[in-house]
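Here is what each chain is made of, one letter per residue.
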Amino acid sequence: MVIVMDADATSGDIAAAVDAVTATGGEAYVSRGTSRTLIAVGGDTAQVPPPELQALPGVADVVGVSAPYKLVSRESHSARTVVRVADATIGGGAPALIAGPCAVETPEQTLAAARMAATAGASLLRGGAYKPRTSPYAFQGLGEAGLKILADVRDATGLPIVTEVLDAADVDLVASYADMLQIGTRNMQNFALLRAVGQAGLPVLLKRGMNATIEEWLMAAEYIAQSGTLDIVLCERGIRTFEKATRNTLDISAVAVAQQLSHLPVIVDPSHSGGQRRLVLPLSRAALAVGADGVIVDVHPTPETALCDGPQALVEEDLAPLREMLETLPSALGRARP
Ligand code: E4P
Ligand code: PEP
């Protein structure tokens, strides 16, 4: 069961709904988003009476949810969620562009990549200060020094930043610099980390685990939602298959499925899925055509010197075609334009 609070429900209304659940033996998990607050009801719910909950002030609806992921399920709320990150919005119409370097390397490289992102029409800057690398000998990111560079570049460009956090112990530090926290494919089922980011009070970008089913991905989102944050953006970034021609196989059907099963926005990462610059635009077109709420792409001023994932980074000459595609394709598809 999920209690849907009115958009203007007060903290007193929310507390009263929680008390009504716990007083009758249930457990209540409050999940707050920019546009709405939901309360998941768990535990022994046999004695929790939906009609009495429905009558409480500030309660818009009490919904039975059959999916195991209650708060992020489309059943709990049929309207699609719009996630706001500073002035940027993801979901609810025009596709969003998030762009930036795979890794923060230097102030100059990050600023140049951010300017490239802005040229392409991005509303959010991506960039990793903590990099999850296959090899322990590979560049691991600049850590807090990288976060400081990102914050300086945000000041210089006005672009809010989304950056990955790898460890629950780092969540407060990363959250003190970031506008949105990213959970990468490798950590999609790191439950302690999911809980920690859910408590951080920032929107979360949740990438699909490369070996995860769509249901496992939504259950990971549920961990974040149950911990307090409903402002979650799902990101399909390719899965492991037998195919070797691409770095990962972009599961384009997962976008449509996830949007049907969940009210959360779903975006696509054509850079980490294709793994090659020349695939980024075609896969972005596919993402928009299937209805994705946006794309997140790597850009780099000098990919040949990049410390991480250079071959998949877009270069200067790719930016105008990307921007044009994002500006024209949505209306051709009958979607809202950015
Ligand atoms: C990217 O952002 C990841 O850190 C990167 O894709 C990791 O892959 P690799 O370490 O296998 O190169
Ligand atoms: C990234 O976007 O920087 C990243 C590490 O991606 P993924 O987790 O999808 O590999």
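Residues numbered from 1 in each chain as written. Chains lettered and ligands numbered in written order. Predicted model: local features only at pLDDT ≥ 70, side-chain atom pairs only at ≥ 80, totals over all residues. Heavy atoms only, no water.

**Some points on the overall build of the chain**
Argument step 1. A tally of helices and strands in the chain yields eleven helices and 14 strands.
Argument step 2. Rg of the C-alpha trace for the chain: 20 Å, near the compact-globule value of 20 Å for 338 residues, within the 12% margin.
Argument step 3. Dimensions along the principal axes, computed over C-alpha positions, put the chain at roughly 65 × 45 × 40 Å.
Argument step 4. Here the chain holds 338 residues, and 56% of them are scored as buried.
Argument step 5. If you take every contact in the chain between residues at least 6 apart in sequence, the share linking residues at least 24 apart comes to 69%.
Argument step 6. When the accessible surface of the chain is summed, it comes to about 13,300 Å², and 52% of that surface belongs to carbon and sulfur atoms. (Helix = DSSP H or I, 4+ residues; strand = E, 2+ residues; numbered from the N terminus. Rg over C-alpha atoms; globule rule 2.2 N^0.38 Å. Buried < 20%, exposed > 50% of the residue type's maximum accessible area, 1.4 Å probe, protein only. Contact = heavy atoms within 4.5 Å. Areas by Shrake-Rupley, 256 points an atom, 1.4 Å probe, with all protein chains shown as cover.)

**A closer look at the site of ligand 1**
Argument step 1. Neighbouring ligand 1 are Cys102, Lys131, Pro132, Arg133, Thr134, Arg186, Arg247, His272, Cys308 and Asp309.
Argument step 2. Arg133 places a polar side-chain atom, nitrogen or oxygen, 2.8 Å from an oxygen atom of ligand 1.
Argument step 3. Between ligand 1 and Arg186, the relevant distance is 3.4 Å, taken from an oxygen atom to a side-chain nitrogen or oxygen of the residue.
Argument step 4. For ligand 1, whose accessible area on its own is 330 Å², the fraction buried by protein is 85%.
Argument step 5. Residues belonging to the shell around ligand 1 are distributed by class as follows: three nonpolar, two polar and five charged. (Near = heavy atom within 4 Å. Polar contact = N/O pair within 3.5 Å; in protein donor to acceptor, adjacent residues only side chain to side chain. Nonpolar A, V, L, I, M, F, W, Y, C, P; charged D, E, K, R; others polar.)

**Let's talk about the side chain of Ser31**
Argument step 1. Among the secondary structure elements, Ser31 is positioned in strand E2 (residues 26-32).
Argument step 2. Given a relative accessible area of 0%, Ser31 falls into the buried group.
Argument step 3. There is a polar contact of 3.5 Å between the side chain of Ser31 and the backbone nitrogen of Leu230.
Argument step 4. Apart from residues no more than four positions distant in its own chain, Ser31 is found in contact with Arg36, Thr37, Leu38, Leu71, Ala225, Gly228, Thr229 and Leu230.

**With respect to the site of ligand 2**
Argument step 1. Around ligand 2 sit Arg126, Lys131, Pro132, Glu164, Gln182, Gly184, Thr185, Arg186, Lys207, Arg237 and His272, and that is every residue in its neighbourhood.
Argument step 2. Residue Lys131 places a side-chain N or O atom 2.9 Å away from an oxygen atom belonging to ligand 2.
Argument step 3. If ligand 2 stood free it would expose 290 Å²; the protein chains cover 96% of that surface.
Argument step 4. Judged by the fraction of its atoms near the pocket grid, ligand 2 is located in the largest pocket. (1 Å grid on protein atoms, 1.4 Å probe; cavity = no way out; pocket = protein on both sides within 12 Å on 5 of 7 lines; lining within 4 Å. Sits in = over half its atoms within 2 Å of the grid points.)

**Overview of the layout of surface pockets**
Empty space among the atoms can be located by rolling a probe the size of a water molecule over them.
Argument step 1. Approximately 320 Å³ is the volume found for the largest pocket.
Argument step 2. Pro132, Arg186, Arg237, Arg247 and His272 are, among the 21 residues lining the largest pocket, the residues nearest its centre.
Argument step 3. For the lining of the largest pocket, the residue count by class is four nonpolar, seven polar and ten charged. (Points joined across faces, edges and corners; volume = space filled by probe spheres on them.)

**Brief notes about helix H7 (residues 214-226)**
Argument step 1. The end-to-end C-alpha distance of H7, which contains 13 residues, comes to 18 Å, matching closely the 18 Å that a straight helix rising 1.5 Å per residue would cover.
Argument step 2. Three or more residues of H7 are buried, namely Ile214, Trp217, Leu218, Ala220, Ala221, Glu222, Ile224 and Ala225.
Argument step 3. Considering only its buried residues, H7 is in contact with E2, helix H6 (191-198), strand E11 (204-207), strand E12 (232-236), helix H8 (252-261) and strand E13 (266-268).
Argument step 4. Looking at the residues trailing H7, positive phi occurs at Gly228, about 140 degrees. (Expected span 1.5 Å × (residues − 1).)

**Some words on the confidence of the model for the chain**
Argument step 1. Residues at a pLDDT of 70 or more form 99% of the chain, whose mean pLDDT is 96.
Argument step 2. For this predicted complex, the interface confidence comes out at an ipTM of 0.97, alongside a pTM of 0.97. (pLDDT = per-residue confidence, 0-100.)

**Describing the side chain of Arg335**
Argument step 1. As for its placement among the helices and strands, Arg335 is situated in the segment after helix H11 (316-332).
Argument step 2. Of the side chains with opposite charge, Asp293 lies nearest to the buried Arg335, which makes no salt bridge, at 4.7 Å.
Argument step 3. Here Ala292 takes part through its backbone oxygen, which lies 2.8 Å from a polar atom of the side chain of Arg335.
Argument step 4. Beyond its immediate sequence surroundings of up to four residues, Arg335 is in contact with Gly93, Pro95, Leu288, Gly291, Ala292, Asp293 and Pro330. (Lys, Arg positive; Asp, Glu negative; His and termini not counted. Salt bridge = Lys/Arg side-chain N within 4 Å of Asp/Glu carboxyl O.)

**Points about the environment of Ala220**
Argument step 1. Inspection of the secondary structure assignment puts Ala220 in helix H7.
Argument step 2. Beyond its immediate sequence surroundings of up to four residues, Ala220 is in contact with Met188, Leu194 and Leu206.

**Observations regarding helix H4 (residues 144-157)**
Spacing of three or four residues puts side chains on the same side of an α-helix, whose turn is 3.6 residues.
Argument step 1. With 14 residues, H4 should cover 20 Å at 1.5 Å per step; its first-to-last C-alpha distance of 20 Å lies within 8% of that length.
Argument step 2. Gly146, Leu147, Ile149, Leu150, Ala151, Val153 and Arg154 are the residues of H4 that are buried.
Argument step 3. At its buried positions, H4 is contacted by helix H3 (107-120), strand E8 (124-126), strand E9 (161-164) and helix H5 (171-177).
Argument step 4. Downstream of H4 by a residue or two, Gly158 has a phi angle that is positive, lying close to 80 degrees.

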